[in-house]
Amino acid sequence: MKLSRHKYIRRLLNYYRTHFNIEPPFIILIDGTFAFEALQWKIQIDQQLKAYLETQLIICSTTLCAIKETELLGGIAYGAMLILKQYDIIKCDHYPSISAEKCFQKILIKDKTKKYFLASQSLSLREFSRINRPDLPTMLIRHNAINLERPSINSREIVEERKNEQINLSKHESNVLKKIKHELNLDENENDIKKKKKKKHGINPLSIKKKKIKTLINQSISNNNKNLSKKKRRRTRQIRMSLHLKQHLKELEKKFSIKQFFHLE
Ligand SMILES: [Zn+2]
């Protein structure tokens, strides 16, 4: 149970940190109802908040209107008043003072710190915060312990909208990228098509070239052979003989090979 509680709170804090940049120091806005409930359960608010939120950077805060309210309630809220008086005072400039609920509502609307946590037993005040400040965590005391509430529907809707916006933006960016790539002739798809086309033509020219080379080589070889044979013939032709001698040789050839005689074979 203890582990799952820690996991739960870490997940919630991570949610507010990720989507709404809420990071320590956390300013906990505490009213008389929360202080009163803490006293009933003998909860040391400051200590339990530090343990629960897993940080020493906790600033327990209240307003003069909230303190004034506990004073007006008299003896029943005396303990709560003593607790609130220990805390940092957030200036609200309400004079004369108004109810803690109204005071906190105005502070939450005007807030620019974006670091507040609302701690109150008042359901209507927490609802006000969850509707008007969906970026802020709310907490209450329940079952003898401080509990962070789940993010409100408004809060989750904002997160969803932002996610969708990011997706749309990336789509727009991807379109711009495509355009730039196209202009720079870096379009992957086009290149692929070109490559494919080149491949189709690429094999043939190369193969043709090889054939050409081969044929050229063959031709040159055959030419050389021809030349060689021509040269050979020339050699034979180079032997100049008179008609008389030729006739004589022909007669001799009938008896033996002249080529053998001249060592031509
Ligand atoms: Zn006030």
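One can find the structure itself at the top, above this paragraph.
Everything numeric in this text was worked out from a predicted model, so none of it was measured.

## What to know about the overall build of the protein chain
Scanning the protein chain from terminus to terminus reveals 11 helices and six strands. Here the protein chain, with 265 residues, has 22% of them falling under the buried criterion. Across the protein chain, contacts joining residues at least 24 apart in sequence account for 62% of those joining residues at least 6 apart.

## As for the environment of Arg142
Topologically, Arg142 is positioned in strand β5 (residues 138-142). Sequence spacing of Arg142 and Trp41 is 101 residues, and the spatial spacing of their C-alpha atoms is 9.6 Å.

## Focus on unusual backbone geometry
Geometrically, the link from Pro24 to Pro25 is a cis peptide bond, its omega value of 5° lying close to zero. Within the secondary structure, Pro25 is located in the loop between α1 (2-20) and β1 (26-30). Residue Pro96 follows Tyr95 across a cis peptide bond; omega there is -5°. Checked against the element boundaries, Pro96 lands in the loop between β3 (88-89) and α6 (100-110). A positive phi angle, close to 55°, is found at Asp93, a residue other than glycine. Structurally, Asp93 is set in the loop between β3 and α6. On the basis of neighbour counts, which here come to 10 C-beta atoms within 10 Å, the residue Asp93 falls in the exposed class.

## Here's the deal with the environment of Leu64
Here Leu64 lies in helix α4 (residues 64-73). Exposure remark for Leu64: the 18 C-beta atoms within 10 Å place this residue in the partly exposed category. For Leu64 and Lys91, which are 27 residues apart along the polypeptide, the C-alpha to C-alpha distance reads 7.6 Å. Not counting residues within four places of it along the chain, the set of residues in contact with Leu64 comprises Ile89, Cys92 and Ser97.

## Comments concerning the environment of Ala77
Along the chain, Ala77 falls in the loop between α4 and α5 (78-84). Ala77 sits 10 residues away from Ile67 along the chain, and the two C-alpha atoms are 9.9 Å apart.

## Some remarks on the pairing of strand β2 (residues 58-62)
Of all five residues making up β2, four are buried, and the element is well covered by its neighbours. In the sheet, β1 pairs with β2 via four bridges, with the strands oriented parallel. Residue Ile28 lies in a different strand from β2, and its bridge partner there is Cys60. Bridge analysis of β2 against β3 gives two bridges, and the strand direction is parallel. When the sheet's bridge partners are listed, Ser61 is paired in β3 with Asp88.

## Considerations on the packing of α6 against helix α7 (residues 123-132)
Think of two packed helices as two axes; the pair is described by the angle between the axes and how far apart they sit. Where α6 contacts α7, the two axes come as close as 10 Å, and the packing angle between them is 15°. Considering their axes alone, α6 and α7 lie roughly parallel with respect to each other. Handedness of the α6/α7 crossing: right-handed. Every residue of α7 that contacts α6 at Glu101, Phe104, Gln105, Leu108 and Ile109 is listed here: Ser124, Leu125, Phe128, Ser129 and Asn132. Residue classes in the contact of α6 with α7 are distributed as five nonpolar, four polar and one charged.

Reading guide: rules and limits
Residues numbered from 1 in each chain as written. Predicted model: local features only at pLDDT ≥ 70, side-chain atom pairs only at ≥ 80, totals over all residues. Helix = DSSP H or I, 4+ residues; strand = E, 2+ residues; numbered from the N terminus. Buried ≥ 20, exposed ≤ 12 C-beta atoms within 10 Å, placed from the backbone. Contact = placed C-beta atoms within 7 Å. Pairing = 2+ DSSP bridges. Axes fitted to C-alpha atoms, helices over the stretch in contact; angles between N-to-C directions. Parallel < 35°, antiparallel > 145°, perpendicular 65-115°, else oblique. Left-handed = near helix turned anticlockwise from the far one by under 90°. Nonpolar A, V, L, I, M, F, W, Y, C, P; charged D, E, K, R; others polar.

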